[in-house]
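Working through the structure, step by step
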Amino acid sequence: MEKREDLRSILPYLGVVVEGSSLQWPSPVIEPLKAISRGPDHSGIQSGELLFLAISDLRHSLSLSYQRLSASASHGYALFFDELLSTAESTKWFAEVLPALANLLLRFPSLLEFHYRNADTLIDGVQTGLRISNSQQSGIVFLSQELIGALLTCSFFCLFPTCNRDAKHLPMINFDHLFSCLYETNDEKMENKIKCIIHYFERICSHMPTGLVSFERKVLPLEDVAFCVTYPKADSWSKSATPLCHFEVHRSGLIEDQSKEALEVDFANSYIGGGALGRGCVQEEIRFMINPELIAGMLFLPSMADNEAIEVVGPERFSNYTGYASSFRFAGDYVDKRDVDFIGRRQTKIIAIDALCGMRMRQYKLEYLLREINKAFCGFFYQSKCQQYQRLFKGDGPCGAQLDQRIQGSDSISRSNLSLQEAPYASVGTNEGIYGDEQIRNSEEKGGPSLEHQYDVGVVTGNWGCGAFGGDPEIKTAIQWLAASQLLLVEALRPFISYHTFGVEALKTLDEVSEWILSHKWTVGDLWDMLVEYSTQRLKGETSLGFFTWLLPSQSTPDDRHDWERALYQNNLLFQKKKKPKLIHVSK
């Protein structure tokens, strides 16, 4: 056990120790946990104040006392359990839930051992064990929902060592700051965030879920990597002949309530979870409260670089809610009825992508447009499939030789990386199933992972990077549309965007704009060029119109002559690029 590299990377951040060939709690911790597990008659813990004293004692037994908790944490635990909960709720918590959580903590080392014993066989050839998922290293971690429950219980008891987490660019993980913020702000949204988490603990203590959740760091390599899509340059987007995908506009509803199988975008902080364990209570933080298993990723996922995204598959939803930000309220139990995949994960796929913050006019610069579109593309890209192709096609075997011959004979793509201009899905020799998919099917028949032909899977999103981050909603809409559309060529799947406008005024004509663009059969390259040209004009002060109004002359308010000249200029751009005009209907 102690020789495992994955375990060695995470062990300093877990609190447990290796003794011989097994994982254990340090001996001073065991008896106090056993006392808590037997209930308040044995432990004497019947209040939030006494609970925090027990937490402090456990931390002392783990030699964590020098790693100070948030100053007001003790007051926060006391406030919540002794004043904000009803007497009946508090009595049930200390009599039933807290003992069950202590028992889960006692089983934590054995759950970890079971996890590592199975980590090497879950998916053939893929490392899935719990580890620090370092930046620029793509990889996936699979955790059972029971193990996640134990990890979040460690967070509740503040048992994770925090020394050196900042040096590793890891987000906060213990719950002390969450309870401290409750006391310091006396804010209803903080109370209701904690209610979501407490409800989660109540649910798993009454019936432990048995599925799996995966956490994947996705990386678009900055350098050429064999048979892998790398970080696209601006010229690649401009030359893309991929048609724009179907675009649906929703004026009401929420991303997490969508009924189709689709990627659900988390408007993330570069540190996944953002302010989930602090004062934050917007889109990402709310998602982490109603799907608390997402919090487990904060233990081992360092901050995202510009060419990285994080995909979480399988987190169960436990809570209903109303409101947003200061009006956020816990609204009772939620029963998640989503189907599970072949490996035991719920069909909930959450993509964490962090937008640039506070860019103001700089967001229109080409380098930042490129950063945002590649960030979205990295998130939407089905990287696990690319990695499986790498494993299937490497080496000197027959499959590798066939692939080499096909690529060497092609003028459209280099052997070192996959271009946006041609279809990597076909360029690696799939030919609608020949070579690539046939090898994958053979792998599945031998017990390997199923990659599933998710041709109807789309992207459900909204005003990513807008709001507090200050992004232009029209620009961000176009960027996400472009990134999702490119996957039609790269993967032959995820063929639609389902966009929630959340009532933003700038997007009131989004239906008309998207329908007009699709009716004229624009490509990714066409829309990208228009986006770049518009952004250039914004930077130069040549236009103050919104992108959609600038793009469609019929949407603008200046005189007809100005509209006509701008439309002609747009047509000229497309004519120079494609050697053919695009009709733009305007009134002379």
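Parameters and conventions
Residues numbered from 1 in each chain as written. Predicted model: local features only at pLDDT ≥ 70, side-chain atom pairs only at ≥ 80, totals over all residues. Heavy atoms only, no water. Phe/Tyr/Trp six-rings, centres within 6.5 Å; stacked < 30°, edge-to-face > 60°. Buried < 20%, exposed > 50% of the residue type's maximum accessible area, 1.4 Å probe, protein only. Helix = DSSP H or I, 4+ residues; strand = E, 2+ residues; numbered from the N terminus. Axes fitted to C-alpha atoms, helices over the stretch in contact; angles between N-to-C directions. Parallel < 35°, antiparallel > 145°, perpendicular 65-115°, else oblique. Left-handed = near helix turned anticlockwise from the far one by under 90°. Contact = heavy atoms within 4.5 Å. Nonpolar A, V, L, I, M, F, W, Y, C, P; charged D, E, K, R; others polar. Expected span 1.5 Å × (residues − 1). Pairing = 2+ DSSP bridges. Polar contact = N/O pair within 3.5 Å; in protein donor to acceptor, adjacent residues only side chain to side chain. Arc of directions from axis to C-beta. 1 Å grid on protein atoms, 1.4 Å probe; cavity = no way out; pocket = protein on both sides within 12 Å on 5 of 7 lines; lining within 4 Å. Points joined across faces, edges and corners; volume = space filled by probe spheres on them.

Comments concerning the packing of aromatic side chains
- Applying the stated criterion to the full structure yields 29 aromatic pairs.
- Between Y200 and F201, the ring centres sit 5.4 Å apart and the planes meet at 50°, which makes this aromatic pair tilted. Summarising the burial analysis for this pair, Y200 and F201 share the class buried.
- With centroids separated by 6.3 Å and ring planes inclined at 80°, the aromatic side chains of Y364 and Y534 adopt a geometry described as edge-to-face. In this pair, Y364 is assigned in the loop between β10 (349–354) and α12 (366–380) and Y534 in helix α19 (residues 524–540), connecting sequence segments 170 residues apart.
- Since its relative accessible area comes to 5%, Y364 is described here as buried.

A short note on the packing of helix α8 (residues 176–185) against helix α9 (residues 188–206)
- The contact between α8 and α9 brings their axes to 9 Å, and the two run at 150°. In this view, α8 runs roughly antiparallel relative to α9, as classed from their interaxial angle. Between α8 and α9 lies a crossing whose hand is left-handed. Facing L178, F179, C181, L182 and T185 of α8, the residues of α9 in contact are M190, E191, K193, I194 and I197.

Overview of the packing of helix α6 (residues 87–119) against helix α7 (residues 145–156)
- Remark: α6 packs on α7, axes separated minimally by 8 Å, with the N-to-C direction vectors making an angle of 120°. As judged from the angle between their axes, α6 and α7 are oblique. Seen from above, α6 lies across α7 with left-handed handedness. Contacts from W93, L98, L101, L104, L105, R107, F108, L111, L112 and H115 in α6 reach E146, L147, G149, A150, L151, T153, C154 and F156 in α7.
- Grouping the constituent residues of the contact of α6 with α7 by class yields 13 nonpolar, three polar and two charged.

Focus: α7
- For α7, which comprises 12 residues, the first-to-last C-alpha distance of 16 Å matches the rise-based estimate of 16 Å (1.5 Å per residue) to within 8%.
- With respect to burial, α7 is a largely interior element, 11 of its 12 residues being buried.
- Within α7 the residues assigned to the buried category are Q145, L147, I148, G149, A150, L151, L152, T153, C154, S155 and F156.
- At the C-terminal side of α7, C158 shows a positive phi close to 60°.

Quick notes on the pairing of strand β7 (residues 308–313)
- In terms of burial, β7 is a largely internal element, six of the six residues being buried.
- The side-chain alternation of β7 yields two buried faces, one formed by E308, I310 and V312 and the other by A309, E311 and V313.
- Alignment of β7 against β10, held across four bridges, turns out to be antiparallel. Within β10, the residue paired with V312 across the bridge is I350.

A closer look at the sheet that holds strand β3 (residues 139–144)
- Taken together, eight strands build an open sheet; the order of strands is β3-β4-β7-β10-β6-β11-β12-β5 and the sheet is mixed. Strands at the two margins of the open sheet, each flanked by one partner only, are β3 and β5 (246–250). Each strand of the sheet is rotated relative to its neighbour by a mean of 20°, with strand direction disregarded.
- Packing against the sheet, helix α18 (residues 510–519) makes contact with β5 and β12 (496–500), and its axis sits at approximately 170° to β5.

Observations concerning the side chain of H115
- Tracing the chain through its elements places H115 in helix α6.
- Engagement of the side chain of H115 in a polar contact is seen with the backbone oxygen of F142, the distance being 3.5 Å.

Some details on α18
- Of all the positions in α18, only L510, V513, S514, W516 and I517 are classed as buried. In an axial view of α18, the angular spread of the buried residues amounts to 160°, which keeps them on one side of the axis.
- The first or second residue beyond α18 is K521, which carries a positive phi of 55°.

Some thoughts on the environment of K189
- Relative to the helices and strands, K189 is located in helix α9.
- Take K189: its relative accessible area is 14%, and that puts it in the buried class.
- Distance in space between the C-alpha atoms of K189 and G323 is 9.4 Å, their sequence separation being 134 residues.
- At a separation of 2.9 Å, a polar atom in the side chain of K189 contacts the side chain of D187.

Considerations on the layout of surface pockets
- Reported here for the second largest pocket is a volume of approximately 590 Å³.
- Around the second largest pocket, the lining comprises 28 residues; the ones closest to its centre are F267, V282, Q283, E284 and Y324.
- Ranked by residues supplied to the lining of the second largest pocket, first place goes to helix α11 (residues 283–290) with six residues.
- When grouped by side-chain class, the residues that make up the lining of the second largest pocket number 16 nonpolar, eight polar and four charged.

Honestly, that's just the spatial picture; any functional story needs more than this.
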